[in-house]
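# Analysis of the macromolecular model
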Amino acid sequence: MDFSAWFTLALVVVVFIVLLKDIAPPDIAFLGTAALLALFGVITPTEAFAGFSNHGVLTIGALFVVAAGLRATGVLDQIGHYLFGKVEDDSGLFAKLGFVVVPMSAFLNNTPIVAMFLPPTIEWARRNRVSPSRVLLPLSYLAIFGGTCTLIGTSTNLVVDGLMQEQGMVGMGLFEVGALGVPYVAIGYIYLLTLGKRLLPDRKELLEQLDDSRRDYLLEMLVSPECRLVGQTVEQAGLRNLPALFLIEVDREGESIGPVAPDEVLRAGDRLVFTGVVSSIIELEKIPGLVPAVDPTYEVASFAERGRRLCEAVVSQSSPLVGCSIREADFRATYGAAVVAVHRGGSRVEKKVGDIRLRPGDTLLLQTGAHFVRAHRNNPAFYLVSSISGWRPLRRERASLAVLVFLGLIILMSFQIVPTVVAAVSAAVGMVVLGCISSGDARRSIEWQVLITIAAAFALGTALQKTGAASSIANLVVDYTSVWGPLAALAAFYIVVSVFTELITNNAAAVLLFPIGL
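The residue numbers shown here count from 1 along each chain, following its written sequence. Totals for whole chains, interfaces and linings use all residues, but because this is a predicted model, local features are given only for residues with pLDDT of at least 70 and pairs of side-chain atoms are given and counted only at 80 or more. The side-chain values count all of the structure's non-hydrogen atoms but skip hydrogen atoms and water molecules.

## What to know about the overall build of the protein chain
Helix and strand content of the protein chain: 23 helices and 9 strands. Only heavy atoms enter the contact rule, under which two residues are in contact if any of them lie within 4.5 Å. Summarising the internal contacts of the protein chain: among those between residues at least 6 apart in sequence, 78% fall at separations of at least 24. Carbon together with sulfur atoms contributes 62% to the accessible area of the protein chain, which is approximately 24,100 Å² in total. In this text, helices come from DSSP runs of H or I with a minimum length of four residues, and strands from runs of E with a minimum of two, each type numbered from the N-terminal end. Note on areas: Shrake-Rupley with a 1.4 Å probe; residue coverage comes only from the protein chains shown.

## Observations regarding unusual backbone geometry
Backbone geometry at Asp-22 places phi at a positive 55 degrees, although glycine is not the residue there. Relative to the assigned elements, Asp-22 resides in the loop between helix H1 (3-20) and helix H2 (26-39).

## Overview of helix H23 (residues 506-517)
Burial analysis of H23 places 10 of its 12 residues in the buried class, the great majority of the element. Buried within H23 we find Asn-507, Ala-508, Ala-509, Ala-510, Val-511, Leu-512, Leu-513, Phe-514, Pro-515 and Ile-516. Each residue is assigned to one of three classes by its accessible area relative to the maximum for its type, calculated with a 1.4 Å probe on protein chains only: buried under 20%, partly exposed between the two thresholds, exposed over 50%.

## Re the pattern of salt bridges
The rule for a salt bridge is simple: a side-chain nitrogen of Lys or Arg has to be within 4 Å of a carboxyl oxygen of Asp or Glu. Per the counting criterion, the structure on display carries 6 salt bridges. Among the salt bridges present, the one from Arg-271 reaches Glu-220, with a minimum N-O distance of 3.4 Å. Residue Arg-271 is found in strand S4 (residues 271-276), and its partner Glu-220 is found in strand S1 (residues 217-223); the two are separated by 51 residues along the sequence. Of the residues examined, Glu-220 reaches a relative accessible area of 2% and is grouped as buried.

## Description of the packing of helix H4 (residues 55-72) against helix H9 (residues 155-166)
Each pair of packed helices gets described by two things: the angle between the helix axes and the distance between those axes. Across the interface, H4 lies against H9 with an axial gap of 8 Å and an inter-helix angle of 150 degrees. Comparing the axis directions of H4 and H9 gives the class roughly antiparallel. Each of Gly-56, Thr-59, Ile-60 and Leu-63 in H4 lies in contact with H9, whose residues at this interface are Ser-155, Leu-158 and Val-159. Note on definitions: angles span 0 to 180 degrees between N-to-C directions of axes, and those axes are lines fitted to C-alpha atoms, for helices only across the stretch in contact. The cut-offs work like this: below 35 degrees is roughly parallel, past 145 is roughly antiparallel, 65 to 115 is roughly perpendicular, and the gaps in between are oblique.

## A few points about the environment of Ser-91
Following the sequence through the fold, Ser-91 ends up in helix H6 (residues 90-107). A C-alpha to C-alpha distance of 6.9 Å links Ser-91 and Leu-193, two positions 102 residues apart in sequence.

## Remarks on the side chain of Thr-8
Following the sequence through the fold, Thr-8 ends up in helix H1. Its relative accessible area of 0% is what places Thr-8 among the buried residues. Residue contacts for Thr-8: discarding those within four places in its chain leaves Leu-37, Val-42, Leu-460, Ala-463, Leu-464 and Thr-467.

## Quick word on the packing of helix H20 (residues 448-466) against H23
As a packed pair, H20 and H23 sit with axes 8 Å apart at the nearest point and diverge in direction by 20 degrees. On the basis of the axis angle, H20 is roughly parallel to H23. Every pair of crossing elements has a handedness; the one defined by H20 and H23 is right-handed. Where H20 abuts H23, its residues Ile-454, Ala-457, Phe-458, Leu-460, Gly-461, Leu-464 and Gln-465 lie against Asn-507, Ala-508, Val-511, Leu-512 and Pro-515. Amino acids outside the nonpolar list (Ala, Val, Leu, Ile, Met, Phe, Trp, Tyr, Cys, Pro) and the charged list (Asp, Glu, Lys, Arg) are all regarded as polar, and Gly is one of them. Along the lines of polarity and charge, the residues of the contact of H20 with H23 split into 9 nonpolar, 3 polar and no charged. Crossings are classed by handedness, with left-handed meaning an anticlockwise turn of the near helix from the far one by less than a right angle and right-handed meaning a clockwise turn.

## What about the packing of aromatic side chains?
The pairing test for Phe, Tyr and Trp rings, Trp by its six-membered ring, is centres within 6.5 Å, and the orientation test on the planes gives stacked under 30 degrees, edge-to-face over 60, and tilted for anything in between. This model, assessed by the stated rule, comprises 8 aromatic pairs. Considering the side-chain rings of Tyr-141 and Phe-145, the 6.3 Å spacing of their centres and the 70 degrees angle between planes classify their relative orientation as edge-to-face. Of this pair, Tyr-141 and Phe-145 are both found in helix H8 (residues 136-147), 4 residues apart, which corresponds to roughly one turn of the helix. Taking the relative accessible area as the measure of exposure, Tyr-141 reaches 40% and is therefore partly exposed.

## Some thoughts on the pairing of strand S6 (residues 309-315)
Where burial is concerned, most of S6 is hidden: 6 out of the 7 residues are buried. When DSSP finds at least two bridges between two strands, those strands are taken to pair. Looking at chain direction, S6 and strand S9 (residues 382-387) are connected through 5 bridges and run antiparallel. Pairing of Val-314 across the sheet is with Leu-384, part of S9.

## Brief notes about the side chain of Thr-363
Residue position: Thr-363 is located in strand S8 (residues 363-368). Its relative accessible area of 6% is what places Thr-363 among the buried residues. Excluding residues that lie within four positions of it along the chain, Thr-363 makes contacts with Tyr-217, Glu-312, Ala-313, Val-314, Ala-341, Val-342 and His-343.

## Some thoughts on the confidence of the model for the protein chain
Taken residue by residue, the protein chain gives an average pLDDT of 79. The fraction at 70 or more is 85%. Along the chain, pLDDT gives the predictor's confidence residue by residue, from 0 to 100. A low-confidence stretch, residues 300-304 (pLDDT under 50), is modelled with 6 contacts involving residues beyond four sequence positions or located in other chains.

## Describing the pairing of S4
On any regular strand, side chains alternate: one points to one face of the sheet, the next to the other face. Taking burial as the measure, the 6 residues of S4 include 5 buried ones, the bulk of the element. Note that S1 and S4 share 6 bridges and pair antiparallel. When the bridges of S4 are listed, Glu-220 appears paired with Val-273. Pairing analysis gives 6 bridges linking strand S2 (residues 245-252) to S4, with the strands arranged antiparallel. Its bridge partner lying in S4, Leu-247 is registered against Phe-274.

## Some remarks on the environment of Ala-341
Mapping Ala-341 onto the fold places it in strand S7 (residues 337-343). On the basis of relative accessibility, which here comes to 0%, the residue Ala-341 falls in the buried class. Sequence spacing of Ala-341 and Pro-292 is 49 residues, and the spatial spacing of their C-alpha atoms is 8.3 Å.

## What about a nonpolar patch on the surface?
What goes into a patch is any residue over 30% in relative accessible area without a salt bridge, connected to like charges within 9 Å or, for nonpolar side chains (Val, Leu, Ile, Met, Phe, Trp, Tyr), within 5 Å. Side chains of Leu-137, Tyr-141, Ile-144 and Tyr-184 sit close together on the surface and give an oily, nonpolar patch of about 370 Å² of accessible area. When residues of the nonpolar patch are assigned to their parent elements, the largest contribution, 3 residues, is made by H8.

Have a look at this one:
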């Protein structure tokens with residue numbers, strides 16, 4: 001090997017050290033390496049940054065938008081709602097997670113799938129007194145299993161497919177890897193339910209930390225005539241199994257019904273009194289036609305919700321709200337906000353939300369306009385005003401369109417009507433054009449650090465191949481395993497790949513080792 005080959009291998013080692021020691025983020029490490037390779041003439045500037053036009057990278061970016069569109073229209077949340085219906089133990093949870101997470105992650109990027117199921121899984125663990133350490137790792141692995149079933153199931157498949165096409169090979173079909181992926185899912189799933197389940201740690205201190213960090217609000221919701229819960233029992237409506245949220249009573253025409261039986265039929269005009277944490281209140285807010293009972297002027301139309309945000313505001317000592325009930329405060333007229341729930345530290349508020357007389361230190365959960373935080377950040381009526389991250393009004397009326405766009409994507413890719421990248425980008429654009437997601441949210445949904453890391457890593461892969469370093473390493477593997485034949489060489493290669501993915505992102509490992517495998 002000449003100087004350029006040794007220089008490239010030295011840079012690979014430096015990148016490993018940088019990532020292991022967490023000296024710099026992965027995108028900066030790989031981007032800097034690409035620049036150095038071009039600077040020293042190992043590869044051309046075009047080769048250094050060719051990864052940014054790779055079809056696999058572009059497809060991954062587009063699929064982030066598609067997944068965000070399904071989430072913004074409530075499609076993914078609806079699936080999650082039905083998933084945790086009547087699960088009582090971790091075996092049942094694994095079964096339901098496997099039934100839903102595996103097929104979803106076969107067609108969507110793992111990251112948004114895990115992100116979506118993480119909060120309800122943690123809340124289920126808290127509610128059922130099961131340590132989160134017993135359920136979170138299986139959630140991650142189930143998403144990984146599903147990613148092995150299709151070309152678009154994981155970004156690594158797309159990266160390798162793009163590299164194959166650049167080398168003049170025929171690209172992979174959508175379900176081609178499923179011949180290996182589906183048996184792999186079955187074996188992994190059985191392992192998780194048997195031996196893997198026994199190896200999971202049972203860290204009770206995590207459960208105690210979750211209980212310590214929770215902050216329960218009291219909220220009162222009105223069942224409007226158009227709400228889908230009308231005519232359903234409490235159990236059918238799923239209100240008995242909402243994580244970290246408890247239905248205290250139902251107020252019906254002045255009569256209080258409590259404790260609430262699971263077979264109690266809900267009617268239009270019922271006022272439902274809950275206590276729970278913010279993350280569960282967010283899930284409750286997503287049910288169409290279920291509105292804060294304190295604010296009779298609340299607008300339930302989806303288009304009217306678009307500009308709304310959830311905020312928390314802590315009542316100050318000098319606030320004019322002190323001593324007033326929430327109804328008397330007339331929040332809508334005074335602050336342009338609707339009170340959704342109230343938290344009072346250290347004690348549970350027994351009164352109905354509208355009758356609570358506010359005290360200094362009370363925390364109000366408000367549904368506000370887009371500029372509430374900026375307008376009232378310095379308002380002496382509040383000690384603190386902050387927005388709730390992770391909540392956006394759902395575009396429910398666009399859910400059917402989002403599903404159609406997603407099905408169209410699957411059809412285009414399954415029958416290879418158009419190239420994968422064209423199908424993915426068309427679906428992403430369709431989500432924006434049809435109003436399933438705003439252009440701003442679409443841009444924010446893309447994990448730019450992931451894309452930059454993958455694209456910049458191509459430069460190292462190109463340098464390994466161009467300088468002959470890749471062929472030298474491959475020859476060493478073959479020489480040392482030649483006594484046992486090609487299968488031994490293949491096994492050794494797989495072991496090297498597995499070790500690399502323990503140290504760096506799997507996408508970068510695939511890019512670096514593709515030329516060696518080739």
